[in-house]
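The residues making up each chain are set out below.
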Amino acid sequence: MAKLIDIIQRESCFQPGSSLCMGCMEAIAFQNIGKLTDNGKKTIFTLGTFCGEVSTLQFPNPVAWGRGEKTPQDWTKSFGIIHHVFESAPTVAEGARDMADLLTETGAMTDSPQVVALSGDGGALAIGLRSLLHTVHRGVRIVIFVLVNDIFANTGFQYSPITPLGADTSTTPVTEMTLGNVTPPLDYLGLMIQAGAGLVAQVSPAYPKYFFRVVEQALACPETSVVFVPSPCITGWKYSDGETIRLAQLGCETGFFPCFMKEKGKKGEIKFLEPDIAKRPLIEEFMGPQRRFHHLVHKDPKTGLFQVRPGKEVMVQKIRDWIQERFMTLSRLASDSL
Amino acid sequence: MEMICGRLEQIINEEVLEIRGDGRAGSGIVLTMQSIVAMAVEDPTLYVQEWPFFSSARKGAPTRGFLRLSRRPIEKSSEITRPHIAIMMDEGVTTAIDFAEGVPRGSIFILNTTLSPEEAASKFRLSGRIYTIDGDRLAQHFLKKPLGNISVFALLMELIPVFDPRRSRTRLEKILKKRRLPELLVKANGDLFEASLNQARFADCDYARPTDHLASPFGGYGELMPGAQSRLRLSRSNLTSAYARTGFVLQFGDSQNLCNGCGHCIINCPENIIQFHPDPEIGVRVTGADVTNYCKLCHECIAICPKNLFSEVRTAECWKVGPV
């Protein structure tokens, strides 16, 4: 395990010049994934269509990816990028892995590369759930990063299967009659464990040390590892500048997307989330700054604290129940050494 | 120089009034154009055509809006290259594109800026009637956000003779409600609209030299493929510091050597532009950031630094003349 101070001095393959929103968590994740994959091996990235792909690989200027002055012949710094359609990031990665293994077996290639698939939550869990599930099921030695921003951010903030309860999206709007999303989110962590992934984790770069540890472990894993990266979306969640990291931390501490890691055959762990509900921050603090929960939580002008709107207690209680229910599910999964 | 501002009604009746707006993703150029359309469709004798243009670039990137308005059927559907009214929604875009490109002499310019019409005209070298409105300041008062779009919409309502500014407020609020803005915000926008009426200053100026603002001729497809050659691909330069809020810049000050080497700013900078050097004592010592080229001013480093070494400062630098 490399030390944090060494990792941050490495060269990232994600360069400035992307046209992502200011303060985008996906960009922060790419920076750190780019630094973590600078470990002396060639890396092959496969990208499905998602925000982080369309805004960094614009045709005349795919400048956001690259390692500056390094030539492609510099094997330890070299990397390749394959872009494919929405659902195909895991399957294309699988193909790249098979080809690399074949070339290594025949002796045509001496150093085996590492293969990393990047995908958004809509691409991976709605459109591409089939290919994700089958790739995990086949146990290919790749790392799949799913950048979870709870919506289809690229196409205009539509509902995705893991949009939280009550969230206002383009396709689950809040009107006089409706209260935003009413479908409880898919239990994607449990799903991946059931499919037989070698390592399943949910971790955000807001916890750098843990993020680095998990990703290094994922890169070393001999089976498929799936890492979900919660990425607060400044435009889709509609919050002010400079709150990305704070919301990522609050989201974890309130239980919306707890830090979680489980390796196959070992006990898992839930991090940075108090088992005791009384010790956790209130979920209103997480929901308040985001305008997608504006109809449920508002800022009290007198006290300056975020409060549940009168008449919306039932929905907020539903969210609390869902968080607790999922915490119990995750605890059960973590205590199992399957 | 023939001014067209007296002829607007005639243009709408007999020709097609063409409006082009330059702004940034998030600066509200689309909302302005759509609000005009919503006003126009109320009048059954008006034909209207509107579409925004933007690339896959996100918040802060240059965007363009086109609008045609006429009492005759509109047969053109091309990009507007010689508009009667040119709008500049955000001063920051002038560093990336030329909002006055191809605008004939004597046309109307609408600028959302703190400058006076004469200052703006000499700075951007414009010829015609220049209207300036300080929409950012007005919006800061009502919305707590520097958004000039409602003020520009109010000015357009006053300018275009076929519309009645008194009825625009209800239409605007209807559109905002459709966009599912909270009730209070809709009301604040309505108030802002009314406060913006009669706030614009104007002057007739003639500063453009014959060589200024010429539409660049088609230079062939060159080495790149045809799709890459589109003049409308506005994000070509990819110097993303133009996405940042206009008039502000990130500043790093560590005169007392307070940096404790925690590295949080380096890890959490989306653009990877924090400059540092290894330090035997504390690991890494941050020395600054490359703010001139890529900083989008996302405020993450300001929020995360435990010693509050980063700050946002007003700058005169950002207001310099772009490559016009």
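Residues numbered from 1 in each chain as written. Chains lettered and ligands numbered in written order. Predicted model: local features only at pLDDT ≥ 70, side-chain atom pairs only at ≥ 80, totals over all residues.

### Section: the overall build of chain A
Broken down by element type, chain A carries 12 helices and 12 strands. Since a compact globule built from 338 residues should have a radius of gyration of about 20 Å, the 20 Å found for chain A is in line with a globular shape. With the C-alpha coordinates aligned to their principal axes, the bounding extent of chain A is approximately 70 × 45 × 40 Å. Considering chain A as a whole, with its 338 residues, one finds that 52% of them fall into the buried category. (Helix = DSSP H or I, 4+ residues; strand = E, 2+ residues; numbered from the N terminus. Rg over C-alpha atoms; globule rule 2.2 N^0.38 Å. Buried ≥ 20, exposed ≤ 12 C-beta atoms within 10 Å, placed from the backbone.)

### A word on the interface of chain B and chain A
Contacts between chain B and chain A engage 38 residues on the former and 39 residues on the latter. With four residues, helix α9 (residues 300-304) of chain B is the largest single contributor of residues to the side of chain B that touches chain A. Split by residue class, the side of chain B that touches chain A holds 18 nonpolar, 12 polar and eight charged. (Contact = placed C-beta atoms within 7 Å. Nonpolar A, V, L, I, M, F, W, Y, C, P; charged D, E, K, R; others polar.)

### As for helix α6 (residues 165-178) of chain B
All names here are of chain B. Under the 1.5 Å per step criterion, the end-to-end length of α6 is 20 Å for 14 residues, consistent within 8% with the ideal 20 Å. When we look at burial in α6, the residues that qualify are P165, S168, L172 and L176. All buried residues of α6 project into a common sector of 65° when viewed along the axis, lining one side. With respect to the buried face of α6, the exposed residues turned more than 90 degrees away are R166, R167, T170, K174, K177 and K178. (Expected span 1.5 Å × (residues − 1). Arc of directions from axis to C-beta.)

### Quick notes on the sheet that holds strand β2 (residues 79-83) of chain A
All names here are of chain A. Strand order in the open sheet formed by eight strands is β2-β1-β3-β4-β8-β7-β9-β10, with mixed pairing between adjacent strands. Of all the strands in the sheet, the pair left with one neighbour each is β2 and β10 (269-271). Going across the sheet, the axis of each strand differs from the next one's by a mean of 15°, ignoring polarity. Two elements, strand β1 (residues 43-47) and strand β3 (residues 114-120), share five bridges in a ladder whose sense is parallel. Each residue of the ladder has a partner; that of T43, found in β3, is Q114. (Pairing = 2+ DSSP bridges. Axes fitted to C-alpha atoms, helices over the stretch in contact; angles between N-to-C directions.)

### Looking at unusual backbone geometry
Non-glycine residue F157(A) carries a positive phi angle of around 65°. Checked against the element boundaries, F157(A) lands in the loop between β5 (151-152) and β6 (158-159). Positive phi, normally seen in glycine, also occurs at N257(B), with a value near 55°.

### Quick notes on the domain arrangement of chain B
Residue and element names in this part refer to chain B. Each assigned domain of chain B is listed with its residue range as follows: domain 1 (5-206) and domain 2 (240-319). Between domain 1 and domain 2, the residue contacts involve seven residues of the former and seven residues of the latter. Considered class by class, the residues forming the side of domain 1 that touches domain 2 number two nonpolar, three polar and two charged. (Domains from an automatic or database assignment.)

### So, the packing of helix α5 (residues 149-159) of chain B against α6(B)
The relative placement of two packed helices comes down to the angle between their axes together with the axis-to-axis distance. All names here are of chain B. Relative to each other, α5 and α6 sit at 140°, their axes nearing to 9 Å. As judged from the angle between their axes, α5 and α6 are oblique. In this structure, α5 meets α6 at a crossing whose hand is right-handed. Contact residues: F153, A154, M157 and E158 in α5; P165, S168 and L172 in α6. Of the residues belonging to the contact of α5 with α6, the class tally is five nonpolar, one polar and one charged. (Parallel < 35°, antiparallel > 145°, perpendicular 65-115°, else oblique. Left-handed = near helix turned anticlockwise from the far one by under 90°.)

### Points about the packing of helix α4 (residues 135-143) of chain B against helix α7 (residues 183-196) of chain B
All names here are of chain B. Relative to each other, α4 and α7 sit at 140°, their axes nearing to 9 Å. Crossing geometry of α4 relative to α7 is assigned as right-handed. Along the contact surface, α4 presents G135, L138, A139, F142 and L143, while α7 presents A188, N189, D191, L192, A195 and S196. Across the contact of α4 with α7, the residue classes break down as seven nonpolar, three polar and one charged.

### Comments concerning the pairing of strand β9 (residues 259-263) of chain A
All names here are of chain A. Burial within β9 is extensive, with four of its five residues counted as buried. In the sheet, strand β7 (residues 199-202) pairs with β9 via four bridges, with the strands oriented antiparallel. Its bridge partner being in β9, A201 is matched across the sheet by M261. Where β9 meets β10, three bridges bridge the pair, whose relative direction is antiparallel.

### Thoughts on the environment of F252(B)
Residues and elements named next belong to chain B. Along the chain, F252 falls in strand β8 (residues 248-252). Taking C-alpha positions, F252 is 6.5 Å from S311, a pair spaced 59 residues apart along the chain. Other than its neighbours up to four places away in sequence, F252 contacts G288, A289, L309 and F310.

### Re helix α12 (residues 313-335) of chain A
Residues and elements named next belong to chain A. Counted at 1.5 Å a residue, the expected span for α12 with its 23 residues is 33 Å, and the 33 Å between its end C-alpha atoms agrees. Those residues of α12 that sit buried are V316, I319, I323, L330 and L333. Looking at the buried positions of α12, the neighbouring elements they touch are α7 (188-195), β9, β10, α11 (283-287) and β12 (306-308).

### A closer look at the sheet that holds strand β4 (residues 85-88) of chain B
Residues and elements named next belong to chain B. Ordered in space as β2-β3-β1-β4-β5-β6-β7, the seven strands form an open sheet in which the pairing is mixed. Bordering the open sheet on either side are β2 (47-53) and β7 (201-206), each of which pairs with just one other strand. When strand polarity is set aside, the average angle formed by the axes of neighbouring strands in this sheet is 15°. Two strands pair when backbone bridges link them, and β2 and strand β3 (residues 62-70) are joined in this way by seven bridges, in the antiparallel orientation. Following the sheet pairing, P52 is matched in β3 by G65.

### Details of the nonpolar core
The nonpolar side chains of a soluble globular protein tend to be buried with one another. F145(A) and V227(A) are the most contacted members of the largest nonpolar core, which totals 176 residues. The residues that make up this core include at least three from each of domain 1 (5-206) and domain 2 (240-319) of chain B. Excluding residues that lie within four positions of it along the chain, F145(A) makes contacts with I33(A), V116(A), A117(A), L118(A), V227(A) and V229(A). (Core = buried A, V, L, I, M, F, W, Y, C linked by C-beta atoms within 7 Å.)

### What about the confidence of the model for chain B?
Residue and element names in this part refer to chain B. Here chain B averages 85 in pLDDT, while 91% of its residues score no lower than 70. Every residue in residues 317-324 scores below 50 in pLDDT, and together they form 16 contacts with partners more than four places removed in sequence or on other chains. Taken together, the chains of this predicted complex give a pTM of 0.89 and an interface ipTM of 0.90. (pLDDT = per-residue confidence, 0-100.)

### Considerations on the environment of K267(A)
Residue and element names in this part refer to chain A. Mapped onto the fold, K267 is located in the loop between β9 and β10. Residue class for K267 comes out exposed when judged on the 12 C-beta atoms lying within 10 Å of it. Residues K267 and D336, 69 residues apart in the sequence, show an inter-C-alpha distance of 5.9 Å. Residues in contact with K267, not counting those within four places in the same chain, are A334, S335 and S337.

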